[in-house]
Amino acid sequence: MQLQIQEPPSLELKGSPREIGLEHGRVLSQQIQDQIKVYEAMFLEASKMSWDAVRNLAEEFRESLEKKLPDIHAEMQGIAEGAGLDLLDIVALNCRSEIAMGSFADGCTSLSWKKHEHGRVLAQNWDWAPAAGKNIAIMSVEQAGKPKVFMVTEAGIVGKIGFNSAGVGVCLNAIRAKPCISSKIPIHVALRLCLESPSAQMAAERVSELGGIACSVHILVADSTTALGLELSPLGDVYLKEDVLGTVTHTNHFIENRNVIEPPWLSGSPIRLDRVRQLLRELISGGISGSQITPGLLRDRIFSDTFNAPQAICCSEDPSRGPAVRSKTIFNIIMNLEKDNVSAELVVGRPGSGEETAVIRMPWA
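Report on the accompanying structure. These figures come from a predicted structure and were not determined experimentally.

## A look at unusual backbone geometry
Part 1: The omega torsion of the bond from Ala309 to Pro310 falls at 10°, within 30 degrees of zero and hence cis.
Part 2: Counting through the fold element by element, Pro310 comes out in the loop between helix H11 (295–303) and strand S12 (328–338).
Part 3: A cis amide bond, omega -5°, links Met362 with the succeeding residue Pro363.
Part 4: Tracing the backbone through its elements, the reader meets Pro363 in the segment after strand S14 (360–362).
Part 5: Not every positive phi belongs to a glycine, and Lys48 is a case in point at roughly 55°.
Part 6: Looking at the secondary structure, you find Lys48 in the loop between helix H2 (29–47) and helix H3 (51–68).
Part 7: Lys48 sits in the exposed class, given a relative accessible area of 66%.

So, in C-alpha cells, the structure goes:
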C-alpha cells in the first residue's frame, strides 16, 4: 500500500532560541515523537543500532553544539521540552546523518540556474523514506538581527531546505563517505547557519569559520548573484562554481572533492547527474532563459523525469531494499532568488505522478 503524504503543517516561529524551540516542540509534538519511532526502526534495520545507542552517540554532538552554537543548543532544548522529550532525542534527530555514517540512502537531485545577472533559480527533489517524509513541516523562523528563514524540514530538525528574506537559498545532497568528526558542525545545523546568512559567500564562510562539517555532504547555496556547490567534508572542502551555461548541478557523489574515501553506494547517482545536465542543456539550447524559467517548466521537464527508474530524478521505491530504508521523492521545491522577488513553490509528492498535493507557495503570509 502506498503511503500518501498529506500537505504539511505550517509554523510561524518567532522570538528567542528557547521560545522558537518551545513552540516548535509543542505544535509538532506528535510528529516529532512519530519521527523518533521512524528513525528508531531505520537505525535498527540499516545499522543494527538501538535508539539508546543512538542517543549515546548523540551526546558527543550535544557537547560540541553547546560550546560552539549555544543558540542552536538552546533551541533544541526548547524543542525537547515542548515535545515532552529528552534533549538527546532531539540532538539525535538533528545528527541522524552523522550517527548513521552513511547507512541511510538519501537520494536528491539539485540544481541552480542563472536567470540573469541578478537572479537565480534554486531547485531540488528531496528523496527519502516515505515514513519519515510524512513528518515534514513548513516553517518560518524570525529572530532579531537575522534574515527571516522559510524552510521545509522534518519535525524536530532545526535546519533543512529553503531560503531567507535576504534571498539566500539552500539545497541538500547526501554523500556517503568517512570519516565523521563529532566536534564539527552537523549537516542540518550547517543548513540552518546558511539560512541565517545574508549572502551565499557568507554562508560558506560561516560553516568554515566554525571548523567545518562533521560528515560529508553537498550543500548548494545561492543568492541572486552567486551559486556555489559546497562539497564539504571533515577533511577539506571544494566549492563548485557555475559552469558556462550558468548552472550548478549535483546528485549523491562528490564531483571534485577527493579529500575523503567515498565508496560507490548509489549506482544511479552518476546517471542522474548526466540526466539533469542533459535536460538542462536541452532547455537552454531551445532558447529558454530569464522569466521563461518557471517552476512549472522545471517540474514538467526535469523533476518529473523517470529515466533509470527507480533511481531516477523523480525517485520511486526500490522493492529490493528493506522497507524501512526505501526512498522515493517526497517533495519538490523550486526557489526564485531575485532581489525584489524571493519566493518558492513546493509540491509534496512525486512531481508528475498524479499523487502530489497542490502547489504550496512560500512565503505563505
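Further notes follow.
## Describing the sheet that holds S12
Part 1: What the six strands build is an open sheet, ordered S11-S2-S3-S12-S13-S14; its pairing is antiparallel. Edge positions in the sheet fall to strand S11 (247–250) and S14, since each of these pairs with one other strand and no more. Each strand axis lies, on average, 15° off the axis of its neighbour in the sheet, ignoring direction.
Part 2: In the sheet, strand S13 (residues 341–348) pairs with S14 via three bridges, with the strands oriented antiparallel. Among the inter-strand pairings, Ala344 is bridged to a residue of S14, identified as Met362.
Part 3: The sheet contacts of H11 involve strand S2 (109–116), strand S3 (119–128), S12 and S13, and relative to S12 the element is tilted by about 140°.

## Concerning helix H9 (residues 200–209)
Part 1: Within H9 the residues assigned to the buried category are Ala200, Ala203, Ala204 and Val207. Along the axis of H9, the buried positions cluster into a sector of 95°, meaning they face one direction only.
Part 2: Buried positions along H9 lie against helix H8 (187–195), strand S8 (217–222), strand S9 (227–232) and strand S10 (238–240).
Part 3: Residue Gly211 follows H9 closely and has a positive phi angle near 105°.

## Here we look at the sheet that holds strand S7 (residues 169–174)
Part 1: With mixed pairing, the eight strands of this open sheet are ordered in space as S1-S4-S5-S6-S7-S8-S9-S10. A single partner strand is all that each edge strand has here, and the edge strands are strand S1 (10–14) and S10. Direction aside, the axes of adjacent strands within the sheet are offset by 20° on average.
Part 2: By the bridge criterion, six bridges tie strand S4 (residues 136–142) to strand S5 (residues 149–154) in an arrangement that is antiparallel. Looking at S5, one finds that Ala137 is bridged to Thr153.

## Focus on the packing of H3 against helix H5 (residues 87–94)
Part 1: The N-to-C vectors of H3 and H5 enclose an angle of 85°; their axes lie 8 Å apart at closest approach. Between H3 and H5, the angle falls in the class roughly perpendicular. Side by side, H3 and H5 meet where Trp51, Val54, Arg55, Ala58, Glu59, Phe61 and Arg62 of the first sit next to Leu87, Leu88, Asp89, Val91 and Ala92 of the second.
Part 2: Classifying every residue of the contact of H3 with H5 gives eight nonpolar, no polar and four charged.

## What about the pattern of salt bridges?
Part 1: For the coordinates displayed, the defined rule picks out 20 salt bridges.
Part 2: Across the pair Lys148 and Glu142 runs a salt bridge, and its minimum N-O distance is 3.8 Å.
Part 3: Glu154 is the partner of Lys160 in a salt bridge, and the nearest nitrogen-oxygen pair spans 2.9 Å.
Part 4: By relative accessible area, Lys160 is classed as buried at 1%.

## Focus: the state of the cysteines
Part 1: Applying the stated criterion to the full structure yields zero disulfides.
Part 2: Lacking any disulfide linkage, Cys95 is separated from the closest cysteine sulfur, that of Cys180, by 8.5 Å.
Part 3: Take Cys95: its relative accessible area is 0%, and that puts it in the buried class.
Part 4: The closest cysteine sulfur to the non-disulfide-bonded Cys315 is located on Cys314, 7.9 Å from its own sulfur.
Part 5: Under the relative-accessibility criterion, Cys315 is labelled buried at 9%.

## Considerations on the side chain of Glu231
Part 1: Its location among the elements puts Glu231 in strand S9.
Part 2: This buried residue, Glu231, is left without a salt bridge; Arg258 holds the nearest opposite charge, at 5.7 Å.
Part 3: One polar contact links the side chain of Glu231 to the main-chain amide nitrogen of Glu256, over a distance of 2.9 Å.
Part 4: Beyond its immediate stretch of four places on either side in the chain, Glu231 contacts Val217, His218, Gly236, Asp237, Val238, Leu240, His250, His253, Phe254, Ile255, Glu256 and Asn257.

Definitions and limits used
- Residues numbered from 1 in each chain as written.
- Predicted model: local features only at pLDDT ≥ 70, side-chain atom pairs only at ≥ 80, totals over all residues.
- Heavy atoms only, no water.
- Helix = DSSP H or I, 4+ residues; strand = E, 2+ residues; numbered from the N terminus.
- Buried < 20%, exposed > 50% of the residue type's maximum accessible area, 1.4 Å probe, protein only.
- Pairing = 2+ DSSP bridges.
- Axes fitted to C-alpha atoms, helices over the stretch in contact; angles between N-to-C directions.
- Contact = heavy atoms within 4.5 Å.
- Arc of directions from axis to C-beta.
- Parallel < 35°, antiparallel > 145°, perpendicular 65-115°, else oblique.
- Nonpolar A, V, L, I, M, F, W, Y, C, P; charged D, E, K, R; others polar.
- Salt bridge = Lys/Arg side-chain N within 4 Å of Asp/Glu carboxyl O.
- Disulfide = S-S within 2.5 Å.
- Lys, Arg positive; Asp, Glu negative; His and termini not counted.
- Polar contact = N/O pair within 3.5 Å; in protein donor to acceptor, adjacent residues only side chain to side chain.

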